[in-house]
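Here is how the chains run, residue by residue.
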Amino acid sequence: MFTFMSARPQRTIAAPARLEGVGVHSGLRATIVFRPAAEGTGVRFVRADRRHAPGPIPARVEAVADARLGTTLRSPDGAEAATVEHVLAAVFGLGIDNLEIVLEGPEAPIMDGSARPYAEALLASGLHDQAVPAEAIEIVQPVFLEQADRRAALLPGAQSEALELSVGIVFDDPAIGTQSLELLLTPEVFLTEIAPARTFGYLRDWAPMQRQGRGLGSSLENSIVIDAGRVLNQEGLRFPDEFVRHKALDLIGDLALLGAPIIGRCEAQRPGHALTTALMQAMLAQPHCWRRRPL
Ligand SMILES: [Zn+2]
């Protein structure tokens, strides 16, 4: 392979793919259909059930309506797509630039709580190179953000053509404890090291969350459940450090909202959706910190 290749082309998928499951917060049956999209479209959600207002919901920072328990996007006409972060992690992790993601309800299906089912469905459809070159966002000056004991940064990277990630978490429960992860994000690394990592939560938080009408579809089928130093799932963990890997997955899914591949480094200590959203907003507000360039 030549070092001086022409820019990589934009990518979509070759054929539609459909997945069915349950919405983790609504508890309702949920379906998702991935459809190819034209060059320059970007990634966007469409609510097939809102025939009176079918306008797309762009997968962009500007559309974030709620970043508390998960990431919810809202279109200018008020259509929402909730729990989009694991889906977007798969799309971004595989380097897909243009995609229409059709939901038949307010929420993407949670599947097994990881990004693997979406990534496998997208790969089974086949990735399709398009006629227009992809454009990346390159970080050229540091952007820092702190929220209480959480902090994150976007920095110029040492590697020239990929996103470096450094993620750390600290939890009081010894089943999780302190974990950290460094990786260079390529589709291969995403598929093997990140995509299988499932979401997690404490058993003690389950009932209060459900009393608020959230997490109604949450179960041991789609979450790692922790109680007093123990993992309650009979099958155990997929990685000894599955928790920090899932936090990296969430981070990747949120960074996808910049709408372009990222050349640089992202460091995050105790990341969450609100922190990552604020970091991206800070970056966009400082145009001297980044530039667009061919990938
Ligand atoms: Zn997650």
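Bear in mind the structure is a predicted one, so any value in this text is a computation, not a measurement.

On to the coordination of the zinc ion, then. Looking at the zinc ion, the protein donor atoms are His86 (NE2), His246 (NE2), Asp250 (OD) and Asp250 (OD), and they sit 2.1 to 2.7 Å from it. Site description for the zinc ion: donor spacing in sequence, H-x159-H-x3-D. Within this pair, whereas His86 is found in helix 1 (residues 85-93), its partner Asp250 is found in helix 5 (residues 242-255), the two being separated by 164 residues in sequence. Each member of the pair, His86 as well as Asp250, carries the same accessibility label: buried.

Moving on, we get to the layout of surface pockets. One number sums up the size of the second largest pocket: a volume of about 1000 Å³. Around the second largest pocket, the lining is made up of 45 residues, and of these Leu69, Thr199, Phe200, Gly201 and Lys247 lie nearest the centre. Where the lining of the second largest pocket is concerned, the elements lending two or more residues are helix 1, strand 14 (163-170), strand 16 (200-202), helix 4 (203-211), strand 17 (224-227), helix 5 and helix 6 (273-284). When the residues that make up the lining of the second largest pocket are grouped by side-chain class, the tally is 20 nonpolar, 15 polar and 10 charged.

Attention now goes to unusual backbone geometry. Residue Met111 is not a glycine yet carries a positive backbone phi of 55 degrees. Checked against the element boundaries, Met111 lands in the loop between strand 9 (99-103) and helix 2 (116-125). The class of Met111 is partly exposed, set by a relative accessible area of 22%. In this structure, Ala228 takes a positive phi of about 45 degrees despite not being glycine. Structurally, Ala228 is set in the loop between strand 17 and strand 18 (230-231). Classification of Ala228 as exposed rests on a relative accessible area of 67%.

A few words on the state of the cysteines. Under the definition given, this model contains zero disulfides. Cys266 carries a free sulfur, and the closest cysteine sulfur to it, the one in Cys289, is 14 Å from it. Looking at Cys266, the relative accessible area reads 0%, which means it is buried.

Enumeration according to the criterion identifies three aromatic pairs in this entry. For the pair Phe171 and Phe200, a centre-to-centre distance of 5.6 Å together with 75 degrees between the ring planes defines the contact as edge-to-face. Highlighted residues: Phe171 in the loop between strand 14 and strand 15 (178-185) and Phe200 in strand 16, separated in sequence by 29 residues. On the basis of relative accessibility, which here comes to 24%, the residue Phe171 falls in the partly exposed class. Ring geometry for Phe171 against Tyr202: centres 6.5 Å apart, planes inclined by 70 degrees, an arrangement best described as edge-to-face. Residue Phe171 is found in the loop between strand 14 and strand 15, and its partner Tyr202 is found in strand 16; the two are separated by 31 residues along the sequence. Judged by its relative accessible area of 12%, Tyr202 is buried. An aromatic cluster is defined as three or more aromatic residues linked by ring pairs; in this entry it consists of Phe171, Phe200, Tyr202 and Phe243. Against the face of Tyr202 rests Arg204, its NZ or CZ located 4.0 Å from the ring centre.

Calculation criteria
- Residues numbered from 1 in each chain as written.
- Predicted model: local features only at pLDDT ≥ 70, side-chain atom pairs only at ≥ 80, totals over all residues.
- Heavy atoms only, no water.
- Donors = N, O, S within 2.8 Å, 3.2 Å for Na, K, Ca; no water.
- Helix = DSSP H or I, 4+ residues; strand = E, 2+ residues; numbered from the N terminus.
- Buried < 20%, exposed > 50% of the residue type's maximum accessible area, 1.4 Å probe, protein only.
- 1 Å grid on protein atoms, 1.4 Å probe; cavity = no way out; pocket = protein on both sides within 12 Å on 5 of 7 lines; lining within 4 Å.
- Points joined across faces, edges and corners; volume = space filled by probe spheres on them.
- Nonpolar A, V, L, I, M, F, W, Y, C, P; charged D, E, K, R; others polar.
- Disulfide = S-S within 2.5 Å.
- Phe/Tyr/Trp six-rings, centres within 6.5 Å; stacked < 30°, edge-to-face > 60°.
- Lys NZ or Arg CZ within 6 Å of the ring centre and 35° of its normal.

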